[in-house]
Amino acid sequence: MANKIAAIAYLGDLMGGGLLLSETKVLTEVLLTHPTPAEWQRLVGEENILQKNSIHSARRVALAVKNRLEPLGEPFWRDLQQADTETSKQLILFAVLARSKAMTDFMSTVMADARRIYQDELHTSCWTDFIDTRSRSVAGLDSYAESTVIRMGNNVFRMLVDCGYLSEGRSTKKLHKPFVLPLIGNWAARQNRMDVLEAMES
């Protein structure tokens, strides 16, 4: 059990979905009202404010978004509430990386190494290779089924495409290096998460 906990902490909520931009914007408004647990459940489950096809899906997405945003606090939510689309994407990616050392490490090593050797594409198999390598040092990573690892990788790649780090592609994706907004640097300093900023800029 302890091994599994270590792996969960390393991965963060990569099974929660991609950026979830529209859902995050909706739930940011809710978080700013400081709802009680009962109010949160009513809005997500009964009122279906996320407009999902099932309560299970709505609750899963809402939990993922809440887990990403809650630790960052109200000032972060306000910046996200007021942000345009591109800024919102980078803020959400920051929130995801702050909870997922795995994705942070992936960007800081696999993607950064590819750029260093002037490689302009990534094959999707590099995610499973990365997890396989990390499983030697992170207890419990090797307990995940291959299909689960691939699903997490699909979410990672979808987020990176949405944020402009990769181009859409079936098995290979072209690498890009988007400009990281100064607001992200401000939040990295405020949260003492320069590792996240370095990953986004690497």
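Here the structure is a predicted model, which means the values were calculated and not measured. (Residues numbered from 1 in each chain as written. Predicted model: local features only at pLDDT ≥ 70, side-chain atom pairs only at ≥ 80, totals over all residues. Heavy atoms only, no water.)

Here's the deal with the overall build of the protein
Right, so step 1: Helix and strand counts for the protein come out as eleven helices and two strands.
Right, so step 2: Each helix and strand of the protein, ordered N terminal to C terminal, gives the series α-α-α-α-α-α-α-β-α-α-β-α-α.
Right, so step 3: Relative to the compact-globule value of 17 Å for 202 residues, the protein shows a C-alpha radius of gyration of 17 Å, a close match.
Right, so step 4: Along the three orthogonal principal directions, the C-alpha set of the protein runs to about 50 × 40 × 30 Å.
Right, so step 5: A burial count over the protein gives 46% of its 202 residues as buried.
Right, so step 6: Across the protein, every contact between residues at least 6 apart in sequence was considered, and the portion connecting residues at least 24 apart equals 70%.
Right, so step 7: With an accessible surface of roughly 10,200 Å², the protein has 51% of that area assigned to carbon and sulfur atoms. (Helix = DSSP H or I, 4+ residues; strand = E, 2+ residues; numbered from the N terminus. Rg over C-alpha atoms; globule rule 2.2 N^0.38 Å. Buried < 20%, exposed > 50% of the residue type's maximum accessible area, 1.4 Å probe, protein only. Contact = heavy atoms within 4.5 Å. Areas by Shrake-Rupley, 256 points an atom, 1.4 Å probe, with all protein chains shown as cover.)

Points about the packing of helix α7 (residues 101-116) against helix α11 (residues 194-201)
Right, so step 1: Where α7 contacts α11, the axes come no closer than 8 Å and their chain directions differ by 45 degrees. By the angle between their axes, α7 is oblique relative to α11. In this structure, α7 crosses over α11, and the sense of that crossing is left-handed. The segment α7 lies against α11, with T104, M107 and S108 engaging D195, V196, A199 and M200.
Right, so step 2: When grouped by side-chain class, the residues that make up the contact of α7 with α11 number four nonpolar, two polar and one charged. (Axes fitted to C-alpha atoms, helices over the stretch in contact; angles between N-to-C directions. Parallel < 35°, antiparallel > 145°, perpendicular 65-115°, else oblique. Left-handed = near helix turned anticlockwise from the far one by under 90°. Nonpolar A, V, L, I, M, F, W, Y, C, P; charged D, E, K, R; others polar.)

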